[in-house]
Structures are given as structure tokens and as C-alpha cells.
Amino acid sequence: MTYRRTLGEDESKQLLAPLGARFPRETVVDSAVAAVSAAESIGLPVVVKLIGPKLAHKSERGLVRLGLTSATAVRDAAEWLLAQRTTADGDVRLLVAQQVSGNRELIVGMIRDPQFGATLLLGSGGVAAEALNDSQVRPLPVTRRDIDDMIDRLAVRNLFAAFRGQSALQREALANTMMAVARLAEQRADVVSIDINPVIVTPHGDAIAVDALVEIDEHTAQQPPTTHSTTSLSSSPSGAASRVIPRHSDANMRSLFDPRGVVVVGASTHPGKFGFVALHNLLASKYEGNVAATNLARETVLGVECVASVDDLAPDTYDLAVLCTPAGANEDIVRACARVGINAIFVTSAGYGEADEAGHAAQSRLVALADELGILVAGPNGQGVVSTPSALCAQIVAPYPPRGSISIASQSGNFVSSFMNLARASGVGVARAVSAGNAAAVDVADYLEWYSRDAATTVMLSYIESVVDGQRLQAALGAANARKPVVVVKGGATESGARAAASHTGALASNDRVFDGVCRQLGVVRASDIEEAFDVAALFATAPLPQGNRVAILTTAGGWGVVTSDALARDGVLQLATLSAPTMAKLDALLPARWSRNNPVDCAGGETRDTIPAVLEVLATADEVDAVVYLGIGIQSNQARLMRDGGFFPDHGLQRIVEYHERQDERFALSANELSSRTGKPILVATELAVTDATNAAVRGVRAHGAMCFASGPRAVRALGHAWRWTQHRRLDG
């Protein structure tokens, strides 16, 4: 049985108009005679509609008559409309309204998302709104800045600028209507959706709403919805709504990431078992804390003499237990961990919430028990935890990444591995990494919020597939991103992806457009894929933040510069720097007459020994340049490699020229790094050799200085664009 009711157009407008929504002059009447009188009072031309609580889509039934310019036309239209009513329409009346002209239309609305609560929508409107599928969503509350951002991100935004003789949209008028929708949602919990379609933008730029529908839930009291502050949004481990952030003590999180000692529970001599792999990876990472293992047979595994039970361990020696044991044994193990002073456990075991109802029940019991005993439970059904500051690799899969300052939290263990593989390949290291598994007690929100307060972390990287408590995730993302950059990849973005996400994690994927709006509102970087996400995180970890959007491109060959400038134009927020006359004069003195004499700066093959460092210096120190993308490094070393491998090395003078080429590229890498440090501007180096030949002297040189060598100019530009957006958002937030 449904308890939702859609209000009539006139009732809906009566709720919204006092809150600031802009509607045309209009009157509701019962007869054709009254319609004529109302039209004469309003002023012709007018619109006449048949309205009623059950008439939600009037245009589709032809129940709207436009452009009525005479009393006769109004009377005829009114009589015809009244003749169209059916018994299914219920009570109907006539609405006579001022005719609003304009061929630019928007839709403004509100929905209550099951995860993120009330959300405001703005999109391309009219009868083709669904077909156009061009909209922006932001969770409430919203600010004027949010509204401007929503307008600016519409695909058809240029239509609402000055266009073909029509004035630009008066944003204040539209903002008033959007804020009215937001206020109604905030004031009344029984309002479950609002639809204002269309909002017509007149040739003079005014924004006037000509239709409105409000849907209410009659079983919900007419009172403000429950509000959540950003400092009190969470879920208790048992699933109750105790919304505290952070919800785990720093001491317990430290026990997980920086333990004094680690015990592998369920160690095995079989190299294919989790209990063997977990102990192997712990020892292979050269963990320097106390290491122990349990094994019912008291076997020696990888040189570690196992004890039969956790109870046999020395008390107050170990902070972390990695459970590689059957789910049925784990509750007794947790009790034993408490007895010996272990404060955190990572449960690799499956058979919990991802399995069936019995698994859900077992998971709830495990979390409740650990909570009672003061033990943090990571997992279950996770791959493990990595913490390079403690040389900790307590996980059941490879790899172990180089040390750095990127911290990873993921709902998918495979993507933890993917990010760490990219760290190994690029040389840009990781501080912390964890797979949340079923996230029974500690989820991605918890990890990100803690990382943001962790001195070893400068940037956070996350893969999120499904959202269980959207408002708590929103609060955690906001708190974390206010301190340090958060980069997110969201799975389940398409209908088929969402179905896959549901089967993989046991929870439904959240609406992707709402999630995107959350990220945009908070300034969180949302990347489209794993490689893009790592590129952005690597830039944050290794380069200065851009202080402007003006980019200079330096290339040793024209094509690279062209495709990179194309990528920059597509990005939408970066722009090619316009080089000043003094800068051009300096470049003219360094480059041959055939150089591009523009940005991108194409050296046209005219480089001498000192050209690249000198040109980089000119560009990096130019006031009109905020960032530099350097393309073409490594060409000389690539030729040097062929000379080494060609069968004639080291004779014929090859040894000398090979060493010279390699020294040059190493020198160019050093120059880029030193200039970036000195100027405080990002100088991004890009070459496909970063992925095709990691031994290339240029690639080695870039990485030796702790920088990211991007795989292409477009990838560098995409990362730079994200970094500039994040910097802008932080500035606006003060």
C-alpha cells in the first residue's frame, strides 16, 4: 500500500512561492467564464491548463493550451480542456497563467536519495529532459557556490550565456527558485520529491518556473527532517545509527598500522595457504617488530616456531593478529587476543556477510564481541594491511610497495594490489594500504578520516564500489579532504556495473550522479579509472600544488605538443599560458629561428647541450606561467640503448656518445626537479618510456629525485587539471 500523494500544480506552487520560487501571475478557476475573466485580469496572452492532484503529466495528454491571445480563444480552450477530463482524473480545475516565452528550458528538482538524503537537481528541462540526460545533483544543504557550479557543469551551459541575441541567464533568479526547493526539503520531512519543469529562461534572461509538482509521504510528519552535522555522522559497528566520527580510537588504529608485534593465527607449512603467505609476506618485508605464529601442531614455519594458541603468547607483546582461520573458530580467537593484550585483528577469513544469512549473523556476533572487548576488527574477507613506515606487509597477496606518502583504502582488495603495483612501477611510494573487505566494523570512511590525521600520509587514494551509509561517508570525505587531497574511483557507475558491484560486495551501488555531486560539492577528486587516480595521487605526493591554471608546454617534437594542448583544452579548467614579450625574447635567444614561437614551445630539433635546462628556466620563472609540462625527455637515451644493443658497442666512438646521451637526460631530469623546488611550480615530465623502458636514463633520473614520470602528456595534463580544481576548492573554502 502506498502512502505517497502528488499535490496539484497550484498546491505545489503555494508551498514553493513563499520560499522564493519565481512563478508567473496565475489564477485557478472552475469554469470557462471564470477563465476569461482571469485572463483579462492577468493580461493576454495567457496559458490555460487542466490541473488536479492526479494530473502529473499534462503536456503528454495535450492538457495545456499556449499562446491564447483573445477572450474567445481562452473560452474555447477552457471548454475543450474541461471536456477532456475523465473519472480517473478526479477533481480538476483550470489554471490560467501569464504566457512566458523562451526557448531555453531547465528543470529544478529534489529527491531524497536513500544514501545521501535530500539532494537538489538542476538539468536541461522541458519534455525532453529525460532524453537529454544532462543534469547536476548536490546533496543538501547547498550554497550559492554550489548552484553556480551546477550551472557551469551542465553540458548545455553555453545556451544560458548570451546566445543569439538573447541575454545571459540571470543566475540570481534561478538561484532563488533552487533555494526555495532546498528550503522546502529542509523544512518538511514529508516532502519526498519536488519537480519544477520547465523553468523557462526568457530572452531577457529571467528564470520563471511555469510548472511544479510536490510529492509527499502522508505517513511522515510535517516537520524538519533529522539533520546530521559533519562531526556526528557514522554508524556503530553493530549497524545502529550512533553517528560518531571518528568512531575508532587512534590507539586501535595505530595497533593496526604500526603494531609493536604481529601474530599470524593459523600459520601453515603449505605455501598455497593463506597462513603461509601472510607469514611469508610479513617476514619478507623485513618487519622489525615482534613476530609470532600459531599452529595447532606447533610446527616451525619459515623459521618461526609456532605456538598452539594465542593464549600461549607473551602478554602485552603483540598489537595485531592476522586471522587466517575458519570463521567458526574466530570468536574464541578474539577472546584469546583480548586476554594477551592484542588491540587489533585483521580477519582474512571468508564466509561472513558476503555469503548468506548465517554469515551475516556470524559477522554481527564477531563485531559485537570485539567491540565489547575493545578490539578493532578489520575485514573480514579482506586481503590485509600494509604500512611502510613500520615495514609491515601483513597481507595474503603481493606486492609490497616502496615507501612513500600515498595511503590507500579500498573496498576491493584487487585494487589495493593494482594501486601498489603502480607504485612499484612508477617509484612513487605508499604509506598505508588496506582492503576493507566486508567492512563489518571499519570501513573506507574510517580509514580515510584516520589517514587525513596521519603524519605519514599526504594524499589519500580510494576505490569505492557500494555505499552503505552515504551520509557518514559524505561527512568522512569532507573531513578528510579538508585536510589533505582525497582521490576516489567509484565502481558501479553504470547500470551493468552497479549489478556487478551488488553481487561482489553484498550491497547495492549508490546512484552515480548523486555520488558525483557529493564529490564535486566536497572538492574530492573523482577519477575515471585506476590509472588516472594513481596519476593524480602521484602528482599530489611529489609535486607542488599549482597556484594557477596557466600551463606552458615544452616539447622536443611538434606532435607531442599538439596532442597535449588538445588534452589541455578538453580538460576545461587549464589554459595554455600566453607568453609575454620578455619571455618570447628570451626563448628567441635560445632556440633556432624555426622554433614554434608560440606555446607549446617546440624546439624543432634545434637543441644544443644546454638548451633544455635553459628553456625550462625561462618558462618556470615566467610570471605568466603556473605550471610546465615537459615532453620528449629520454629520446637521446633511447638511441643510446639501441647503440648499446646494436652489436658495435663500445667501438666506433659509441661508448662516449652513449654515455653523453644518458648524462644529458639525467641532467634534464635534475633540472626539472630543481626548478620545480625553487619556483614552487609543478614541472611535470612525461614520456611513454615511463612504461616501455623503466631502465631509460631519463626515467631513472626523474624517479631518482622522487618525482612522477608520466606516461604521456595528456595523462600529465589530466592529473594537473584535477590538482588545480582541488586547489581552487580549498582556496574558496578558506
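This is a predicted model, so every value here is computed, not measured.

### Some thoughts on the sheet that holds strand S2 (residues 26-29)
Strand order in the open sheet formed by four strands is S2-S5-S3-S4, with antiparallel pairing between adjacent strands. Taken across any chain shown, the strands that pair with only one partner, and hence form the sheet edges, are S2 and strand S4 (64-68). Averaged over all pairs of adjacent strands, the angle between strand axes in this sheet comes to 20°, irrespective of strand direction. For strand S3 (residues 46-51) and S4, the ladder comprises three bridges, and the chain directions are antiparallel. Opposite Val48, over in S4, you have Arg65 as the bridge partner. The sheet strands contacting helix H1 (residues 9-16) are S2, S3 and strand S5 (93-98), and the helix crosses S3 at an angle near 110°. Relative to S4, helix H3 (residues 71-83) is tilted by about 175°, and along the sheet it contacts S3, S4 and S5.

### Overview of the state of the cysteines
Counted by the stated rule, this structure contains zero disulfides. Distance from the sulfur of Cys324, which forms no disulfide, to the nearest cysteine sulfur (Cys306) is 11 Å. Since its relative accessible area comes to 16%, Cys324 is described here as buried. Cysteine Cys709 is unpaired, with the sulfur of Cys603 as its nearest cysteine sulfur at 17 Å. On the basis of relative accessibility, which here comes to 2%, the residue Cys709 falls in the buried class.

### Some thoughts on the packing of helix H16 (residues 530-542) against helix H24 (residues 713-732)
Two numbers describe how H16 lies on H24: the axes approach to 9 Å, and their chain directions differ by 60°. The angle between H16 and H24 falls in the class oblique. Pair H16 / H24 crosses with right-handed handedness. The segment H16 lies against H24, with Glu531, Glu532, Asp535, Val536, Leu539 and Phe540 engaging Arg715, Arg718, Ala719, Leu720, His722, Ala723 and Trp726. Here the residues of the contact of H16 with H24 sort into seven nonpolar, one polar and five charged.

### Side note on the environment of Glu105
Topologically, Glu105 is positioned in strand S6 (residues 104-113). What makes Glu105 partly exposed here is its relative accessible area of 29%. In this structure, the C-alpha to C-alpha distance between Glu105 and Val488, residues 383 residues apart in sequence, is 33 Å. Filtering out sequence-adjacent residues up to four positions away, Glu105 remains in contact with Gly123, Ser124, Gly125, Gly126, Phe160, Pro198, Val199 and Ile200.

### Things to note about helix H10 (residues 357-373)
Spanning 17 residues, H10 covers 25 Å between terminal C-alpha atoms, matching the ideal 24 Å at 1.5 Å per step. Among all positions in H10, only Gly359, Ala362, Gln363, Leu366, Val367, Leu369 and Ala370 are buried. Projected down its long axis, H10 carries its buried residues within an arc of 165°, all on one side. Exposed side of H10, more than 90 degrees from the buried face: Glu357, Asp371 and Glu372 are the residues found there. Buried residues along H10 sit in contact with helix H9 (330-339), strand S17 (344-347) and strand S18 (376-378). At the N-terminal boundary of H10, the capping side chain belongs to Asp356, with an oxygen 3.2 Å from the backbone nitrogen of Ala358.

### With respect to the pattern of salt bridges
With the rule as written, the count across this model stands at 44 salt bridges. When the shortest N-O distance is used, the salt bridge between Arg5 and Glu218 registers 2.7 Å. Remark: Glu218 occurs in the loop between strand S11 (213-217) and helix H7 (250-257) and Arg5 occurs in strand S1 (residues 4-6); sequence separation between them is 213 residues. A residue is classified by how much of its surface remains accessible, and Arg5, at 33% relative accessible area, is partly exposed. You can call Glu218 partly exposed: its relative accessible area is 47%. A salt bridge links Arg61 to Asp89, with the nearest nitrogen and oxygen atoms 2.7 Å apart. Of this pair, Arg61 sits in the loop between S3 and S4 while Asp89 sits in the loop between H3 and S5, and the two are 28 residues apart along the sequence. A residue is classified by how much of its surface remains accessible, and Arg61, at 39% relative accessible area, is partly exposed. The class for Asp89 is buried, based on a relative accessible area of 4%.

### What about the packing of aromatic side chains?
All chains considered together, the criterion is met by seven aromatic pairs. Members of the aromatic cluster, connected to one another through ring pairs, are Phe257, Tyr447, Trp450 and Tyr451. If you follow Arg65 out to its NZ or CZ, it ends over the ring of Trp80, 4.1 Å from the centre.

### Brief notes about the environment of Ala567
Here Ala567 is to be found in helix H17 (residues 558-571). C-alpha separation for the pair Ala567 and Val658, spaced 91 residues apart in sequence, amounts to 34 Å. Setting aside its immediate chain neighbours within four residues, Ala567 contacts Pro714 and Val717.

### Focus: helix H6 (residues 171-187)
Owing to its 3.6 residues per turn, the α-helix aligns residues three or four sequence positions apart on the same side. For H6, with 17 residues, the first-to-last C-alpha span of 24 Å sits near the 24 Å given by 1.5 Å per residue. Listed in full, the buried residues belonging to H6 are Ala173, Leu174, Ala175, Thr177, Met178, Ala180, Val181, Ala182, Leu184 and Ala185.

### A short note on the confidence of the model for the protein chain
Detailed reading of predicted coordinates is not advised where the pLDDT is low. Taken over all residues, the pLDDT of the protein chain has a mean of 91, while the share at 70 or more is 93%. This stretch, residues 227-242, has a pLDDT under 50; its non-local contacts, to residues over four places away or in other chains, come to 34 contacts.

The rules we used
Residues numbered from 1 in each chain as written. Predicted model: local features only at pLDDT ≥ 70, side-chain atom pairs only at ≥ 80, totals over all residues. Heavy atoms only, no water. Pairing = 2+ DSSP bridges. Helix = DSSP H or I, 4+ residues; strand = E, 2+ residues; numbered from the N terminus. Axes fitted to C-alpha atoms, helices over the stretch in contact; angles between N-to-C directions. Contact = heavy atoms within 4.5 Å. Disulfide = S-S within 2.5 Å. Buried < 20%, exposed > 50% of the residue type's maximum accessible area, 1.4 Å probe, protein only. Parallel < 35°, antiparallel > 145°, perpendicular 65-115°, else oblique. Left-handed = near helix turned anticlockwise from the far one by under 90°. Nonpolar A, V, L, I, M, F, W, Y, C, P; charged D, E, K, R; others polar. Expected span 1.5 Å × (residues − 1). Arc of directions from axis to C-beta. Polar contact = N/O pair within 3.5 Å; in protein donor to acceptor, adjacent residues only side chain to side chain. Salt bridge = Lys/Arg side-chain N within 4 Å of Asp/Glu carboxyl O. Phe/Tyr/Trp six-rings, centres within 6.5 Å; stacked < 30°, edge-to-face > 60°. Lys NZ or Arg CZ within 6 Å of the ring centre and 35° of its normal. pLDDT = per-residue confidence, 0-100.

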